Amino acid sequence: QVQLVESGGGLVQVGGSLRLSCTASQGTLSSYGMGWFRQAPGNEREFIAAISWNGGIRDYADSVKGRFTISRDNAENTLYLQMNSLKSEDTAVYYCAASTLWGGAFTQATVYPHWGQGTQVSVSS
């Protein structure tokens, strides 16, 4: 099965930007639809963004629409999440995930069997 590794998290000020990356340490991302999720302490896992296997379909949570952009470069075997205009409520551990359902961009965590270990994003004023 594919093994995923996130990177790019860190501490950023409110209004700043951060770019997260997700790459496969084992396997190739081109075989999967991909998604980004986040989880803050005491909260449930939350859908952020999803992208179909070829990048043709994208979907976003209302809370990040217009601020975050999901993209992928299958030739580089990498998934990205560009985060702009960051808010304090964006603070969370961010996870990338891979689904074997190729036909679209999926918002349900239950259809993603493969997950990375997460990267911490902290937004301060």
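Our subject is the structure listed above.
Just so you know, these numbers come straight off a predicted model, no measurement behind them.

What exactly am I supposed to notice about the nonpolar core here?
Looking at soluble globular proteins, one finds that nonpolar side chains tend to be buried together. Leu4, Met34, Trp36, Leu79, Leu81 and Met83 are the most contacted members of the largest nonpolar core, which has 37 residues in total. Of all elements in the fold, only β3 (18-26), β4 (33-39), β5 (46-51), β7 (68-73), β8 (78-83), β9 (92-99) and β11 (119-124) reach the threshold of two or more residues within this core.

Just checking my understanding: could you explain the packing of aromatic side chains for this structure?
The geometry of an aromatic ring pair is captured by two quantities: the separation of the ring centres and the angle between the planes. Scanning the model with the defined rule gives four aromatic pairs in all. Between Phe37 and Phe47 the ring centres are 5.7 Å apart and the planes differ by 70°, which places this aromatic pair in the edge-to-face class. Placement of Phe37 in strand β4 and of Phe47 in strand β5 is noted, with a sequence separation of 10 residues between them. Phe37 sits in the buried class, given a relative accessible area of 1%. Summarising the aromatic geometry, the rings of Tyr112 and Trp115 are spaced 6.2 Å apart at their centres and angled 65° between planes, so their arrangement reads as edge-to-face. Here Trp115 falls in the partly exposed class, since its relative accessible area comes to 25%. Grouped by ring-pair contacts, the aromatic residues Phe37, Phe47, Tyr112 and Trp115 constitute a single cluster. Over the ring of Tyr80 we find Arg19; its NZ or CZ atom is 4.0 Å from the centre of that ring. Geometry around Trp115 places Arg45 over its ring, the cationic atom sitting 4.2 Å from the centre.

Can you walk me through the pattern of salt bridges in this structure?
Close approach of charged atoms allows side chains of opposite charge to pair. Counted according to the given criterion, the structure contains four salt bridges. Residues Asp62 and Lys65 are paired through a salt bridge, measuring 3.3 Å at the closest nitrogen-oxygen approach. In this structure, Arg67 engages Asp90 in a salt bridge whose closest nitrogen and oxygen atoms are separated by 2.8 Å. Of the two residues, Arg67 sits in the loop between β6 (58-60) and β7 while Asp90 sits in the loop between β8 and β9, which places them 23 residues apart along the sequence. In terms of burial, Arg67 and Asp90 fall into one category: buried. One connected set of salt bridges, linked through shared partners, spans Arg38, Glu46, Arg67 and Asp90.

Sorry if this is basic, but what is going on with unusual backbone geometry here?
A positive phi angle, close to 60°, is found at Asn77, a residue other than glycine. Positionally, Asn77 belongs in the loop between β7 and β8. The backbone phi angle of Ser85 is positive, close to 50°, even though this residue is not glycine. Topologically, Ser85 is positioned in the loop between β8 and β9. Of the residues examined, Ser85 reaches a relative accessible area of 40% and is grouped as partly exposed.

Looking at this structure, I do not really get the sheet that holds β3. What am I missing?
Strand pairs in the sheet, formed through backbone hydrogen bonds, run parallel or antiparallel to each other. One open sheet holds the four strands; their spatial order is β1-β3-β8-β7, and the pairing between them is antiparallel. Of all strands in the sheet, those with a lone pairing partner are β1 (3-7) and β7, marking the two edges. Each strand of the sheet is rotated relative to its neighbour by a mean of 20°, with strand direction disregarded. Pairing geometry for β7 and β8, over six bridges, is antiparallel. Counted as the bridge partner of Phe68 is Met83 from β8.

Conventions adopted
Residues numbered from 1 in each chain as written. Predicted model: local features only at pLDDT ≥ 70, side-chain atom pairs only at ≥ 80, totals over all residues. Heavy atoms only, no water. Core = buried A, V, L, I, M, F, W, Y, C linked by side-chain atoms within 4.5 Å. Buried < 20%, exposed > 50% of the residue type's maximum accessible area, 1.4 Å probe, protein only. Helix = DSSP H or I, 4+ residues; strand = E, 2+ residues; numbered from the N terminus. Phe/Tyr/Trp six-rings, centres within 6.5 Å; stacked < 30°, edge-to-face > 60°. Lys NZ or Arg CZ within 6 Å of the ring centre and 35° of its normal. Salt bridge = Lys/Arg side-chain N within 4 Å of Asp/Glu carboxyl O. Pairing = 2+ DSSP bridges. Axes fitted to C-alpha atoms, helices over the stretch in contact; angles between N-to-C directions.

Coordinates in, geometry out; function isn't part of it.
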